[in-house]
2 protein chains.
Amino acid sequence: MPTKLSEFGEFGLIKKLTEDITPIHSETIKGIGDDAAIIKKENNKLLAITSDLLVEGIHFDLTYTPLKHLGYKAVIVNLSDIYAMNATPKQITVNIALSSKFSYEAVSQIYEGIKLACKLYSVDLIGGDTSSSLTGLFISITAIGETTEDNVSYRNGAKENDLICVSGDLGGAYLGVQILEREKRIYKEAPEIQPQLEQYKYVVGRQLKPEARRDIIKQLNKIGIKPTAMIDISDGLSSELMHICSQSNVGCRIYEDKIPIHPETEKVAKELSIHSLTAALNGGEDYELLFTIPMNDYEKIKEITDISVIGHITHSSEGINLVNKQGHFIKLKAMGWSNFNE
Amino acid sequence: MPTKLSEFGEFGLIKKLTEDITPIHSETIKGIGDDAAIIKKENNKLLAITSDLLVEGIHFDLTYTPLKHLGYKAVIVNLSDIYAMNATPKQITVNIALSSKFSYEAVSQIYEGIKLACKLYSVDLIGGDTSSSLTGLFISITAIGETTEDNVSYRNGAKENDLICVSGDLGGAYLGVQILEREKRIYKEAPEIQPQLEQYKYVVGRQLKPEARRDIIKQLNKIGIKPTAMIDISDGLSSELMHICSQSNVGCRIYEDKIPIHPETEKVAKELSIHSLTAALNGGEDYELLFTIPMNDYEKIKEITDISVIGHITHSSEGINLVNKQGHFIKLKAMGWSNFNE
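Engineer: Mind showing me how you'd approach the packing of aromatic side chains here?
Structural biologist: The geometry of an aromatic ring pair is captured by the separation of the ring centres together with the interplanar angle, meaning the angle of the planes. Going through the model one piece at a time under the given rule, you end up with three aromatic pairs over all chains. Ring geometry for Phe 138 of chain A against Phe 138 of chain B: centres 3.2 Å apart, planes inclined by 20 degrees, an arrangement best described as stacked. With Phe 138 of chain A in strand 6 (residues 138-148) and Phe 138 of chain B in strand 6 (residues 138-148), the pair connects residues from two separate chains. Side by side, Phe 138 of chain A and Phe 138 of chain B carry an identical accessibility label, which is buried. Relative to Tyr 121 of chain B, the ring of Tyr 83 of chain B lies with its centre 6.4 Å away and its plane at 50 degrees, an arrangement referred to as tilted.

Following this line, the structure appears as structure tokens:
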């Protein structure tokens, strides 16, 4: 009996396919299993390499995704992985496959978004491939960044009593896509009704035009904080916390009332009858940074405005816990997004 | 009026989309326009980065492509680009999108091929993404290699009077796909007839299981020859010669009777009523190396058995010429494969 792919989560599949791989080259310090791979170069310099794929109908819906935004986001999701290693992205390559229904002008808009992201984040577009596809649009980007042995942050360095920090706010991108999907359904049923998106600008913007938190990395470096572990939030806070805790062999405790949720996100959540905490924990695509720092850095971290301390690292035996507003401990499960559905 | 993509060739489209890009970082020495991009590192070390995309229905047909071979080839086409910079591949990342019709066992076979190529060519698989797609299989691979400022070979260094060399033999991969397509048609019309491929083993092997010419690069380094220009033959000899000549601002003269064509390729060409020279010039996918060397290296190059000297570089005003067996000069045109057909 062939095994269906839906029996694996995304991580389960990659893990199983690559579990027998051990690096041949001693300079391959970190292979599969972090935000980016790390390769050792001369004089303590390290390269960070990451590669991500966006697939039409799976990761984006062209009915409501402007092509320029799509190109921009395709770059951002990769840069976010490089920053999550405490590294600076320098170059990208872009592979695009698209069907003949796309015009030159359409492809050109995707490239406009790609080039804009490159410009704003000081990244060189150094190569890639453009091919036709029978159906659908595929964008595969690889980003290359630089860091040093002193600065690199893996997922596996969190220590007991470290503080857990998160940049920005969470759950917005998930609610954004819910709004866009709702407007799409309404439009399908009644094309004469124009989508009303003005009042959902914040959450829709979080979904369609995310940014990578270069500013946070710069500020951390400036005030001399090196995260003991770091990851970007692409699959939801729960899932990322589990990566850090399992790779660092620790547990954690986070507090519901410390989780940063934007007032606009709260408002939309209420309207859609979705618990905003659920969106924050399991929504994904916020591209914020989740990281741990030594407790001694607490005074320093307060200097950075857009960071919330949401909890702390515990012994692994405690597991991964959310302390809710009533003070009850709730065990967290990874509900991170898997795209292999049946 | 939107412009159809079929109005551009593959190179035309990428060129147009990226013509306004100038690298921001001084270490980005070579961006788009060679087999791989080149990034400067410390102590004269250079990184070579290339990225290629294989799309179902465009680059391969799963009716006759074994999945393990496909995985293997997807790696090889990238390694070939790294060798063509006179560099050594060290790491790859792999992004795969595939529909739910694929089982775990099927994906696993693709990975078997990928891992086999990695093992044989001493390359580390360091990361990547696996995603579902609505339809079709997409494999996007990025390869990272190393070379030095003294060794790197670009496309633009060919000089007048340099000798033009090619490794192995040409045209086989193109005839291989013709045979496979023919057997597919026969099978469709009469499924009871088993495909007879035994007698076409050579050309079919060239198509389904190409190798990258690491051996040639090693031998060139060993005998102290540094190509003045180099490119791998993925789109056909004509097209690659044009890249070298236009980027080096030179012309060339190649001789029909010097172009290496395997006896098996000749035999199949005859059977299919295809001129074997056409297959060699315009067929593509042979993944041999085309390179130029100073005339003084003529005695040295003869030490390498699997290399043919097929002509020499001329002044640009002469254009790109094939001297046929009758001694007539024929201007070559790029007939290289474009995948944006209507």
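Engineer: Is there a simple way to think about the relation of the copies chain B and chain A in this case?
Structural biologist: For the pair of chain copies, the relating operation is a rotation around an axis with a shift along it. Rotating chain B by 180 degrees and moving it 0.0 Å along the rotation axis overlays it on chain A with an RMSD of 0.0 Å. Put plainly, the chains are arranged around a two-fold axis. When you check the interface residues of chain B against chain A, 100% turn up at the interface there too, and the contact is symmetric in its surfaces.

Engineer: Would you mind going over helix 7 (residues 237-248) of chain A with me for this structure?
Structural biologist: Helical geometry note: an α-helix holds 3.6 residues per turn, so side chains three or four residues apart project in the same direction. Residues and elements named next belong to chain A. Spanning twelve residues, helix 7 covers 16 Å between terminal C-alpha atoms, matching the ideal 16 Å at 1.5 Å per step. Taken together, the buried positions of helix 7 are Leu 237, Ser 238, Ser 239, Glu 240, Leu 241, Met 242, His 243, Ile 244, Cys 245 and Ser 248. Backbone geometry just after helix 7 places Asn 249 at a positive phi near 55 degrees.

Engineer: Explanation requested: the environment of Cys 165 of chain B in the structure shown.
Structural biologist: Residues and elements named next belong to chain B. Structurally, Cys 165 can be placed in strand 7 (residues 163-167). Separated by 50 residues in the primary sequence, Cys 165 and Lys 115 have C-alpha atoms spaced 31 Å apart. Not counting the four nearest positions on each side in its chain, Cys 165 is found in contact with Leu 289, Leu 290, Phe 291, Ile 293, Ile 301, Ile 307, Ser 308 and Val 309.

Engineer: Got a minute to help me understand the interface of chain B and chain A in this structure?
Structural biologist: Accessible area lost upon the coming together of the parts serves often as the stated size of an interface. Residue-level contacts link 76 residues of chain B with 76 residues of chain A. With both sides pooled, the region where chain B packs onto chain A buries about 6,400 Å², and carbon together with sulfur makes up 59% of that total. Here chain B and chain A share eight salt bridges between them. Where chain B packs against chain A, one counts 39 residue pairs in polar contact (both at pLDDT 80 or more).

Engineer: Quick question: what am I supposed to make of the sheet that holds strand 7 (residues 163-167) of chain A here?
Structural biologist: By way of backbone hydrogen bonds, the strands of a sheet pair with one another, either parallel or antiparallel. All names here are of chain A. Taken together, seven strands build an open sheet; the order of strands is 8-10-7-11-9-12-13 and the sheet is mixed. Strands at the two margins of the open sheet, each flanked by one partner only, are strand 8 (229-233) and strand 13 (329-331). If you compare each strand with its neighbour and ignore which way they point, the axes differ by 25 degrees on average.

Engineer: Looking at this structure, how should I read the sheet that holds strand 6 of chain B?
Structural biologist: Residues and elements named next belong to chain B. Spatial ordering of the open sheet is given by 1-2-3-6-4-5, a layout of six strands whose pairing is mixed. If you trace the sheet from one side to the other, it starts and ends with strand 1 (28-30) and strand 5 (124-132), each paired once. Across the sheet, the mean angle separating the axes of adjacent strands is 20 degrees when strand polarity is ignored. Two elements, strand 1 and strand 2 (residues 37-40), share two bridges in a ladder whose sense is antiparallel. Bridge pairing in strand 2 links Lys 30 to Ile 38. Contacting strand 3 (45-55), strand 4 (88-98) and strand 6, helix 2 (residues 67-83) crosses the sheet at an angle of about 145 degrees to strand 3. Where helix 3 (residues 104-120) meets the sheet, its contacts fall on strand 4, strand 5 and strand 6, and the angle it forms with strand 4 comes to roughly 170 degrees.

Analysis parameters
Residues numbered from 1 in each chain as written. Chains lettered and ligands numbered in written order. Predicted model: local features only at pLDDT ≥ 70, side-chain atom pairs only at ≥ 80, totals over all residues. Heavy atoms only, no water. Phe/Tyr/Trp six-rings, centres within 6.5 Å; stacked < 30°, edge-to-face > 60°. Helix = DSSP H or I, 4+ residues; strand = E, 2+ residues; numbered from the N terminus. Buried < 20%, exposed > 50% of the residue type's maximum accessible area, 1.4 Å probe, protein only. Least-squares fit on C-alpha atoms with pLDDT ≥ 70 in both. Contact = heavy atoms within 4.5 Å. Expected span 1.5 Å × (residues − 1). Buried area = accessible area lost by both parts, 1.4 Å probe. Salt bridge = Lys/Arg side-chain N within 4 Å of Asp/Glu carboxyl O. Polar contact = N/O pair within 3.5 Å; in protein donor to acceptor, adjacent residues only side chain to side chain. Pairing = 2+ DSSP bridges. Axes fitted to C-alpha atoms, helices over the stretch in contact; angles between N-to-C directions.

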